[in-house]
Amino acid sequence: MFSGTAHTRMWTTGILLFVVAIGIVAWQSGANGVSSPTPQRGSDIFASYCSRCHGADGNGVNGRAELRKRTNIWGAHPDKVLTVLIFGAAATDDHQGQIRKAMPPMPYNDADIASTAMYLLHTFGGKMIDISEADVERVRVAHREATLKRLRQKK
Ligand code: HEC
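Quantities reported herein were computed from a predicted structural model and do not represent experimental measurements. (Residues numbered from 1 in each chain as written. Predicted model: local features only at pLDDT ≥ 70, side-chain atom pairs only at ≥ 80, totals over all residues. Heavy atoms only, no water.)

A short note on the overall build of the protein
Turning to step 1, where the next piece is worked out: A tally of helices and strands in the protein yields six helices and two strands.
Turning to step 2, where the next piece is worked out: Sequence-ordered secondary structure for the protein, helices as α and strands as β, is α-α-α-α-β-β-α-α.
Turning to step 3, where the next piece is worked out: Out of the 155 residues in the protein, the part that is buried amounts to 26%.
Turning to step 4, where the next piece is worked out: Contacts in the protein between residues at least 24 apart in sequence constitute 53% of all its contacts with a sequence separation of at least 6. (Helix = DSSP H or I, 4+ residues; strand = E, 2+ residues; numbered from the N terminus. Buried < 20%, exposed > 50% of the residue type's maximum accessible area, 1.4 Å probe, protein only. Contact = heavy atoms within 4.5 Å.)

Take a look at the structure:
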C-alpha cells in the first residue's frame, strides 16, 4: 500500500517536471523565434523607423515623402509595396529642378517586411489582405530574375 502511494507520487512528480520542462522550451523558442507577421507589428515598425521620413501619420515630413494619397501604389498590385520595402526606391526627378530623394531598402527580416506591408495596405490602401513571409521571398526572387534578365539583354 505505502509503496504504491510513493510510486504514484514519484510518477506525478515526474510528469509535472516533464510538463514544466516542455513549457520552458516552448516559451524560450517563442521568445527567440521569428513570430508570424501582423499589421500591429507593422504599425510599431512604421512608428519607430518609417515615420522619420514619412511622418507618424504618413503625411510626410516638410512636404516630402507623403504616403497617404499615393493612388499609384495603393491602386497597384500589393506586390508593388513589397518591392519598394525590399529594394527601396530610386531617386526621381521632381520636375522643379531638384532630385527627389531615394528610399533605402528596409533593414528588417521577412516577417517584419510582411507586417509592414500589411499595415500599409490596411491603413492607406484600404485592402484588408494577409501578407506572408513567403510573399516577401516570392517578390524578392521575381524582382531579381526580372532585373537580371533586363541587365543581360542590355549587353
Ligand atoms: C530615409 C528616409 C526614408 C525612410 C526611413 C523610409 N522611406 Fe519610404 N520613401 C522615402 C522616399 C524619399 C521615398 C520616395 C518619395 C517620393 O517619391 O516622394 C519613399 C517612398 C516610399 C513609398 C512609395 C513609393 C511609391 O512608389 O510611391 C512607400 C510605400 C514607402 N516609402 C514606405 C516606407 C516604409 C513602410 C518605410 C519604413 C519601413 C519607409 N518607407 C522608410 C524615404 C524613406
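Don't stop here, the text continues.
Side note on the coordination of the iron atom of the ligand
Turning to step 1, where the next piece is worked out: Those protein atoms acting as donors to the iron atom of the ligand are His54 (NE2) and Met103 (SD), and they sit at 2.0 to 2.1 Å.
Turning to step 2, where the next piece is worked out: Given six donor atoms and angles of 82 to 179° at the metal, the environment of the iron atom of the ligand is assigned as octahedral. Of the two residues, His54 sits in helix 2 (residues 39–54) while Met103 sits in the loop between strand 2 (99–100) and helix 5 (110–123), which places them 49 residues apart along the sequence.
Turning to step 3, where the next piece is worked out: Given a relative accessible area of 25%, Met103 falls into the partly exposed group. (Donors = N, O, S within 2.8 Å, 3.2 Å for Na, K, Ca; no water. Tetrahedral: all angles 85-135°; square planar, octahedral: opposite > 155°, others 65-115°.)

Observations concerning the site of the ligand
Turning to step 1, where the next piece is worked out: As a matter of local geometry, the ligand sits amid 18 residues, with Cys50, Cys53, His54, Arg70 and Met103 nearest to it.
Turning to step 2, where the next piece is worked out: Contact distances for the ligand include 2.8 Å between an oxygen atom and a side-chain N or O atom of Arg70.
Turning to step 3, where the next piece is worked out: In this structure, an oxygen atom belonging to the ligand sits 3.4 Å away from a side-chain N or O atom of Asn72.
Turning to step 4, where the next piece is worked out: Taken atom by atom, the bulk of the ligand overlaps the largest pocket.
Turning to step 5, where the next piece is worked out: Put simply, the parts of the chain that give the shell around the ligand at least two residues each are helix 2, helix 3 (71–74), helix 4 (79–87) and helix 5.
Turning to step 6, where the next piece is worked out: Grouping the constituent residues of the shell around the ligand by class yields twelve nonpolar, three polar and three charged. (Near = heavy atom within 4 Å. Polar contact = N/O pair within 3.5 Å; in protein donor to acceptor, adjacent residues only side chain to side chain. 1 Å grid on protein atoms, 1.4 Å probe; cavity = no way out; pocket = protein on both sides within 12 Å on 5 of 7 lines; lining within 4 Å. Sits in = over half its atoms within 2 Å of the grid points. Nonpolar A, V, L, I, M, F, W, Y, C, P; charged D, E, K, R; others polar.)

Points about helix 5
Turning to step 1, where the next piece is worked out: With 14 residues, helix 5 should reach 20 Å at 1.5 Å per residue; the first-to-last C-alpha distance of 20 Å fits that figure.
Turning to step 2, where the next piece is worked out: Burial runs high along helix 5: 13 of the 14 residues are buried. (Expected span 1.5 Å × (residues − 1).)

As for unusual backbone geometry
Turning to step 1, where the next piece is worked out: Although it is not a glycine, Ala65 adopts a positive phi angle of roughly 55°.
Turning to step 2, where the next piece is worked out: Mapped onto the secondary structure, Ala65 falls in the loop between helix 2 and helix 3.
Turning to step 3, where the next piece is worked out: According to the relative accessible area criterion, Ala65 is partly exposed, its value standing at 30%.
Turning to step 4, where the next piece is worked out: The phi dihedral of His95 is positive, around 60°, even though this residue is not glycine.
Turning to step 5, where the next piece is worked out: In this fold, His95 is placed in the loop between strand 1 (92–93) and strand 2.

Comments concerning the nonpolar core
Turning to step 1, where the next piece is worked out: Judged by nonpolar contacts, the single largest core of 22 residues is most densely connected at Val81, Leu82 and Leu120.
Turning to step 2, where the next piece is worked out: For this core, the secondary structure elements donating two or more residues are helix 2, helix 3, helix 4, helix 5 and helix 6 (133–154).
Turning to step 3, where the next piece is worked out: Ranked by residue count, the leading element in this core is helix 5, at seven residues.
Turning to step 4, where the next piece is worked out: Those residues in contact with Val81 that lie beyond four places of it in its chain are Ile73, Trp74, Ala117, Leu120 and Leu121. (Core = buried A, V, L, I, M, F, W, Y, C linked by side-chain atoms within 4.5 Å.)

Remarks on the packing of aromatic side chains
Turning to step 1, where the next piece is worked out: Scanning the model with the defined rule gives five aromatic pairs in all.
Turning to step 2, where the next piece is worked out: Ring centres of Phe46 and Tyr119 lie 5.6 Å apart, and the angle between their planes is 50°; this geometry places the pair in the tilted category. Residue Phe46 is located in helix 2, and its partner Tyr119 is located in helix 5; the two are separated by 73 residues in the primary sequence.
Turning to step 3, where the next piece is worked out: A ring pair is formed by Phe46 and Phe124, whose centres lie 6.0 Å apart and whose planes are at 70°; its orientation type is edge-to-face. Placement of the pair is Phe46 in helix 2 and Phe124 in the loop between helix 5 and helix 6, with a sequence separation of 78 residues.
Turning to step 4, where the next piece is worked out: By relative accessible area, Phe124 is classed as buried at 10%. (Phe/Tyr/Trp six-rings, centres within 6.5 Å; stacked < 30°, edge-to-face > 60°.)

From the geometry alone we can't say anything about function, so treat these as descriptive.
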